[in-house]
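Breakdown of the fold
The chain contents come next:
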Amino acid sequence: MYQSSYAQRGQGPVAPRGESSVSVIGAGIAGAWQALLFAQAGRAVTLHERSGATMTESTSYWAGGMLAPWCEAETSEPVISRLGIRSLDLWREHFPHTSFNGSLVVAHPRDRADFERFARLTTGHRRLDARALSELEPSLDGRFRDGLFYADEGHVEPRRVLPDLHERFAAAGGTIKFNSEATPDDIDGIVIDCRGLAARDTQPGLRGVKGEIILIETDEVELSRPVRLIHPRWPLYVIPRGGNRFMLGATSIESEDNGVSVRSALELLGAAYAVHPAFAEARIVEFGSGLRPAFPDNLPRIAIDNQKIAVNGLYRHGFLLAPALAELTLGYVQRGVIDNEVMQCA
Ligand SMILES: Cc1cc2nc3c(=O)[nH]c(=O)nc-3n(C[C@H](O)[C@H](O)[C@H](O)COP(=O)(O)OP(=O)(O)OC[C@H]3O[C@@H](n4cnc5c(N)ncnc54)[C@H](O)[C@@H]3O)c2cc1C
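Notes on the structure follow.

Attention now goes to the site of the ligand. Not every one of the 38 residues close to the ligand is listed here, only the nearest: E49, S60, M66, Y315 and F319. Within the backbone of G64, one N or O atom sits 2.9 Å away from a nitrogen atom of the ligand. In this structure, M66 approaches the ligand through a main-chain N or O atom, which is 2.8 Å from an oxygen atom. When the free accessible area of the ligand is taken as 1,000 Å², the share hidden by the protein chains comes to 97%. Counting only elements with at least two residues in the shell around the ligand, the list comes to α1 (29–40), β11 (207–217), β15 (283–294) and α8 (318–335). Its residues placed into classes, the shell around the ligand shows 18 nonpolar, 14 polar and 6 charged.

This is the structure we're talking about:
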């Protein structure tokens, strides 16, 4: 359950109730979910996106799309699990075809201690021996002595789900404007600012944390779910995409340049090879990187200043958290409910 309270006249901010129109700025995963839930609640919503419909300018375009609140608990605070688990329900409710095949964590013998640590710091998993592992993922037969299976986790393909969200929003009566650069202060009514890293003009604490990825293609390996490989520096993973493609991700670097370094490429490709040697013959389709928008504490924030609401700092959990954050924003606007853990009122 959310920790929440109700704004009361004279004791805190009064929610902008009524039927005012809503403008959402930024059609990445945060803005797309906000726009969808507000439109479905009967509001007149316009969604402004400065780039074209391909969304290549957004961080969301580069993401893994894992919906993994239990695995992420290894490095994140309880609020991420709380909102993440609620988001899984919303993904299921709004996108019933979302893949909920779980996720796997495996390790090579040299990383055994880190594997055990991962198991200790997380819940929601069961241990699989080598046989159970190969029954679940036949391609991994003989590769690992055991694994951790997080059965309730899911994943989406960002480059498919973003257009789906935009379409669903339009079907709910919303208006989406691509190639439309907007500024919160220039728009009347309720404005929900989801500009990601571009919102630094109003949220100076934001920084970008670079994540590099490689997309490869092979028909030699089949996987039905994301496989995380314990790694001393980064949680590296292989995520199956459609069309025999696999995403290898992701580094996490305190840098805002958008290149992919040789070192990162070697580590990502090495991780794939460690999961299955047949990946060595795969074709490289794409290298790329995105900047995760993060506040200094790496936690998401809904900042409320009367009719201007900013939803940002989704860091490495945008796909995991966006539905729950949209539900919270809607709850605030419609009913004045405040979530003390993520909302900040001016
Ligand atoms: C490599 C990598 C892997 C990741 N993997 C995962 C994962 O597995 N699971 C997970 O949950 N998260 C993951 N993330 C994190 C996730 O991608 C981010 O948290 C999320 O994309 C942030 O979404 P956003 O909507 O806040 O920002 P963005 O996606 O950047 O969207 C902001 C949008 O605002 C638009 N915009 C900016 N300024 C304006 C303006 N003035 N007017 C109009 N539009 C504007 C931009 O063009 C952009 O489209 C990953 C990130 C990276 C980089």
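Turning our eyes to something else, we now look at the packing of α1 against helix α3 (residues 78–94). Packed helices, taken two at a time, are described by the angle between their axes plus the distance between the axes. Two elements in contact, α1 and α3, have axes separated by 13 Å at closest approach and are oriented at 60 degrees. For the element pair α1 / α3, the angle class is oblique. Seen from above, α1 lies across α3 with left-handed handedness. Across the interface between the two elements, I29, W33, L36, L37 and Q40 of α1 pack against L90, W91 and H94 of α3.

Below, the discussion takes up the pattern of salt bridges. Counting across every chain of the model gives 25 salt bridges. D339 is the partner of R82 in a salt bridge, and the nearest nitrogen-oxygen pair spans 3.1 Å. Pair noted here: R82 is in helix α3 and D339 is in strand β18 (residues 337–339), with a separation of 257 residues, a long-range link. For the pair R82 and D339, a shared accessibility class is recorded, and that class is buried. The partner of E341 in a salt bridge is R82, with the nearest N and O atoms 2.8 Å apart. Taken together, the positions of E341 in the loop between β18 and β19 (343–345) and R82 in helix α3 put the pair 259 residues apart, joining distant regions of the chain. Connected through salt bridges with shared partners, the residues R112, E116, R127 and D146 form a single ionic network.

Attention now moves to the sheet that holds strand β3 (residues 45–48). With mixed pairing, the 7 strands of this open sheet are ordered in space as β9-β3-β2-β10-β17-β16-β19. Two strands lie at the open edges of the sheet, namely β9 (175–177) and β19, each paired on one side alone. For this sheet, the mean inter-axis angle between neighbouring strands, taken without regard to orientation, is 15 degrees. As paired elements, strand β16 (residues 301–305) and strand β17 (residues 308–312) share 5 bridges and run antiparallel to each other. What sits directly across from R301, in β17, is N312. In the packing of α1 onto the sheet, contacts are made with β2 (22–25), β3, β10 (190–193) and β17, and the angle to β3 comes to roughly 170 degrees. Against the sheet, α8 contacts β10, β16, β17 and β19, and its axis sits at roughly 165 degrees relative to β17.

Bridge count between β2 and β3: 4 bridges; the pairing is parallel. If you follow V22 over to β3, its bridge partner there is V45. The β-α-β motif built from β2, the intervening α1 and the parallel element β3 has right-handed crossover chirality.

A rise of 1.5 Å per residue sets the reference length of α8, with its 18 residues, at 26 Å; its end C-alpha atoms lie 25 Å apart and thus fit the reference within 8%. Of all 18 residues in α8, 15 are buried; the element is thus mostly enclosed. In the segment just after α8, G336 is the residue with positive phi, at about 75 degrees.

Structurally, E286 can be placed in strand β15. By relative accessible area, which is 18% here, E286 ends up buried. Within the structure, the side chain of E286 is placed 3.0 Å from the side chain of R159, a separation counted as a polar contact. In this structure, E286 is in contact with Y61, W62, R159, I213, I214 and L215, ignoring residues within four places of it in sequence.

Reading guide: rules and limits
Residue positions are given per chain, counting from 1 as you read along its sequence in written order. Local features in this predicted model are restricted to residues of pLDDT 70 or higher, and side-chain atom pairs are both shown and tallied only at a pLDDT of 80 or more, whereas totals for entire chains, interfaces and linings draw on every residue. Side-chain metrics in this entry use all non-hydrogen atoms of the structure; hydrogen atoms and water are not considered. Residue proximity to a molecule or strand is established when one non-hydrogen atom of the residue lies within 4 Å of it. Polar contacts, as used here, are pairs of N or O atoms within 3.5 Å; protein pairs need one atom able to donate a hydrogen and one able to accept it. Residues neighboring in sequence count only if both atoms are side-chain atoms. Here the accessible surface of atoms and residues is derived via Shrake-Rupley with a 1.4 Å probe, and residues count as covered only by protein chains that are part of the display. Counting from the N terminus, the helices are the DSSP runs of H or I reaching at least four residues and the strands are the DSSP runs of E reaching at least two. Residues are grouped as follows: Ala, Val, Leu, Ile, Met, Phe, Trp, Tyr, Cys and Pro are nonpolar; Asp, Glu, Lys and Arg are charged; all remaining types, including Gly, are polar. To get an axis, a line is fitted to the C-alpha atoms, and for a helix only the part in contact is used. The angle between two axes follows their N-to-C directions and goes from 0 to 180 degrees. Working definition: roughly parallel below 35 degrees, roughly antiparallel above 145 degrees, roughly perpendicular at 65 to 115 degrees, and oblique for all remaining angles. A clockwise turn of the near helix away from the far one marks a right-handed crossing, whereas an anticlockwise turn of less than a right angle marks a left-handed crossing. By definition, residues are in contact when any of their heavy atoms lie within 4.5 Å. The rule for a salt bridge is simple: a side-chain nitrogen of Lys or Arg has to be within 4 Å of a carboxyl oxygen of Asp or Glu. Each residue gets one of three labels from its accessible area relative to the maximum for its type: buried under 20%, exposed over 50%, partly exposed in between, using a 1.4 Å probe on protein chains only. We call two strands paired when DSSP finds no fewer than two bridges between them. A clockwise course of the path from the first strand over the helix to the second, judged with the strands pointing away from the viewer, identifies a crossover as right-handed. Any helix carries an expected span of 1.5 Å times its number of residues minus one.

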